[in-house]
Amino acid sequence: MTNPALSNDDLAMLATDFCGLNFQTPLSLLSGCVGFGEEYTRVKGYSNRDVGAVCLKGTTLEPRLGNKPHRVYETPMGMLNAIGLQNPGARHVVDEILPTLDFNETRFIANLSGSTIEEYAEVARIFDDSPIDAMEINISCPNVKEGGVAFGNDPDMSARVVAACRKVTKKPIITKLSPNQTDIAENARRCIEAGTDGFAVINTLMGMAIDIEDRSPIIGNNQGGLSGPAIKPIALLKVHQVYQVCRGHGIPIIGQGGVTTAEDAIEFLIAGATSVGVGTALFYDPLVCKKINAGIVEYLKRHDMSTVSQLSGSLQLNT
Ligand SMILES: Cc1cc2nc3c(=O)[nH]c(=O)nc-3n(C[C@H](O)[C@H](O)[C@H](O)COP(=O)(O)O)c2cc1C
């Protein structure tokens, strides 16, 4: 048995549809926190069957070596990272890595990045001709000087990236939105018009840490993306705001930012997420998804709900 804590009936409660893909649980492992999926399965006791999807590390057209160290730094209630999209390039991922993944175990989602709209479209074209289940477009990566910030912070640019990828693939497109922008709901609206099938909300918030003896930033890139529990209240509000735009269109959201417990995941579901992403928490508890799944099932039973979809978007605002 892959998940000893849960019966088949329990697992049936957790199954959910995301962009037409069958997610066996509402949890997604987040991009950048599990490499390209294959090495994580070496963690003793972990199974890809515990999660609905695994989002692969951000991938560009050409290989990238990433930023100089330090690339990560622990902060109170979270971490800063500026990896700089280290990856072996889209061709290598499709030819050498995807064949090593077991697509019977879970859904795999590619995470696309680029410095130009053409590069995004080219990466999407390469993944279109592969078994990948869906593509997440990272228009929000804050660490690449050549354009990551500009695309994600400007609704026009965001929509143009989505439209360019839409032209080259019929696979589900999930647009990953940045919290580092003025009006995330307007951006979501424009991305829906441009053809996105889903959203990932949110990517990291920009931050800095300073070595007071050197009087220089600790992160080699000077600034980095803040993730972990510190960003959870911000992420919840952004999911709520994007859900208001999505609900009429049936467009699902992978809610994310600081999830470490079942209670956190349930909050995101209530706010409007269909799937809940787990990232930073995996660095200190690689088996956390088992506990989150069990906690969600316990909550559903206690509230007389038979499926996790009943929970999604069930927020009742104070009047
Ligand atoms: C070390 C690290 C690397 C990341 N790399 C990527 C990436 O390549 N592409 C991307 O879209 N997001 C990346 N992210 C952002 C996460 O996927 C996630 O959106 C964010 O960390 C918020 O979730 P969390 O608080 O659960 O970690 C990275 C995050 C971390 C901590």
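Residues numbered from 1 in each chain as written. Predicted model: local features only at pLDDT ≥ 70, side-chain atom pairs only at ≥ 80, totals over all residues. Heavy atoms only, no water.

**Comments concerning the site of the ligand**
Going by this rule: By convention in these notes, a residue is near a molecule or strand provided one of its non-hydrogen atoms lies within 4 Å of it. Here a polar contact is taken to be a pair of N or O atoms separated by no more than 3.5 Å, where protein atoms must pair a possible hydrogen donor with a possible acceptor and residues adjacent in sequence count only if both atoms sit in side chains. Only the protein chains shown count as cover for residues, with accessible areas throughout obtained via the Shrake-Rupley method and a probe of 1.4 Å. Residue polarity follows a fixed list, in which Ala, Val, Leu, Ile, Met, Phe, Trp, Tyr, Cys and Pro are nonpolar, Asp, Glu, Lys and Arg are charged, and the others, Gly among them, are polar.
Around the ligand lies a shell of 22 residues, among which Ser 31, Lys 176, Gln 256, Gly 258 and Thr 280 are the nearest. At a separation of 2.8 Å, an oxygen atom of the ligand approaches a polar side-chain atom of Lys 176. Its free accessible area being 610 Å², the ligand has 97% of it covered by the protein chains. Split into classes, the residues belonging to the shell around the ligand amount to five nonpolar, 15 polar and two charged.

**Regarding the sheet that holds strand S5 (residues 72–75)**
To be explicit about the condition: Note on pairing: DSSP must find at least two bridges between two strands before they are called paired. For helices the rule is a DSSP run of H or I covering at least 4 residues; for strands it is a run of E covering at least 2, with both sets numbered from the N terminus onward. The convention used is that axes are lines fitted to C-alpha atoms, helices contributing only their stretch in contact, and that angles between N-to-C directions extend from 0 to 180 degrees.
The sheet built from four strands is open, its strands ordered S5-S6-S14-S11 with antiparallel pairing. Sheet topology places S5 and strand S11 (205–207) at the edges, where each strand pairs with a single neighbour. Here the strands of the sheet are splayed against their neighbours by 35 degrees on average, with no regard to which way each runs. Sheet topology places S5 next to strand S6 (residues 78–81); four bridges connect them, and they run antiparallel. Paired with Tyr 73 across the two strands is Leu 80, which belongs to S6.

**Structural notes on unusual backbone geometry**
Generally, phi is negative for residues other than glycine and the peptide bonds are trans, each holding for most cases. The condition that has to hold: Each residue is placed in one exposure class: buried if its accessible area under a 1.4 Å probe, protein chains only, is under 20% of its type's maximum, exposed if it is over 50%, and partly exposed if it falls in between.
Between Pro 69 and the following residue, His 70, the backbone shows a cis peptide bond with an omega angle of -10 degrees. Mapped onto the elements, His 70 comes out in the loop between strand S4 (53–59) and S5. Val 201 connects to Ile 202 through a cis peptide bond whose omega is 10 degrees. By the element assignment, Ile 202 lies in the loop between strand S10 (198–201) and S11. Although it is not a glycine, Met 77 sits at a positive phi angle of roughly 65 degrees. Position of Met 77 among the secondary structure elements: in the loop between S5 and S6. Of note in this structure, Asn 222 is not a glycine but carries a positive phi near 75 degrees. As for its placement among the helices and strands, Asn 222 is situated in the loop between strand S13 (216–217) and strand S14 (224–227). Asn 222 sits in the partly exposed class, given a relative accessible area of 43%.

**Let's talk about the sheet that holds strand S7 (residues 107–112)**
Cut-off, in case you're wondering: Only heavy atoms matter for contacts: two residues are in contact if any of them lie within 4.5 Å across the pair.
Read around the closed barrel, eight strands run S3-S4-S7-S8-S9-S10-S15-S16, paired in parallel fashion. On average, adjacent strands in this sheet sit at an angle of 30 degrees to one another, irrespective of strand direction. Pairing geometry for S4 and S7, over five bridges, is parallel. Along S7, the bridge assignment pairs Cys 55 with Ile 109. This element, helix H10 (residues 288–302), spans strand S3 (27–29) and strand S16 (275–278) of the sheet and lies at about 165 degrees to S3.

**Here's the deal with the packing of aromatic side chains**
Spelled out, the test is: Ring geometry is summarised as follows: Phe, Tyr and Trp rings, the Trp one being its six-membered ring, pair when their centres sit within 6.5 Å, and such pairs are stacked at plane angles under 30 degrees, edge-to-face over 60 and tilted between the two.
A full pass over the atoms with the stated rule returns four aromatic pairs. Ring plane angle 65 degrees and centroid distance 5.1 Å describe the contact between Phe 103 and Phe 108, whose orientation is recorded as edge-to-face. Grouping residues by exposure puts Phe 103 and Phe 108 together as buried. For the ring pair Tyr 120 and Phe 151, a centre distance of 5.3 Å and an interplane angle of 85 degrees mean the geometry is edge-to-face. Taken together, the residues span a long stretch of sequence, with Tyr 120 in helix H3 (residues 117–128) and Phe 151 in helix H4 (residues 148–153) at a distance of 31 residues. This pair shows no difference in class: Tyr 120 is buried, exactly as Phe 151 is.

**Focus: the confidence of the model for the protein**
How we decide: Residue-level confidence of the predictor is summarised by pLDDT, bounded by 0 at the bottom and 100 at the top.
For the protein, mean pLDDT is 94; residues scoring 70 or higher make up 96% of the total. Long-range and interchain partners of residues 142–148, a stretch whose pLDDT sits below 50, account for 22 contacts in this model, where long-range means more than four residues apart.

**Remarks on helix H2 (residues 90–97)**
Heads up, the condition is: Working definition: the arc comes from the directions between the helix axis and the C-beta atoms, pointing outward to the latter.
Listing the buried residues of H2 in full gives Ala 90, Val 93, Val 94 and Ile 97. Taken around the axis of H2, the buried residues stretch over an arc of 120 degrees, which confines them to a single face. Contact partners of the buried residues in H2: S4 and H3.

**Digging into the environment of Gln 241**
Relative to the elements of secondary structure, Gln 241 occurs in helix H7 (residues 232–246). Judged by relative accessible area, which is 28%, Gln 241 ranks as partly exposed. Residues within four places of Gln 241 in sequence aside, it is in contact with Ile 184 and Ala 185.

**So, the packing of H2 against H3**
We count it as follows: Each angle is binned into one of four classes, with values under 35 degrees roughly parallel, values over 145 roughly antiparallel, values of 65 to 115 roughly perpendicular, and all other values oblique.
Here H2 crosses H3 at 10 degrees, and the two axes come no closer than 9 Å. In terms of axis orientation, H2 runs roughly parallel to H3. Contact residues: Ala 90, Arg 91, Val 93 and Val 94 in H2; Val 123, Ile 126 and Phe 127 in H3. Across the contact of H2 with H3, the residue classes break down as six nonpolar, no polar and one charged.

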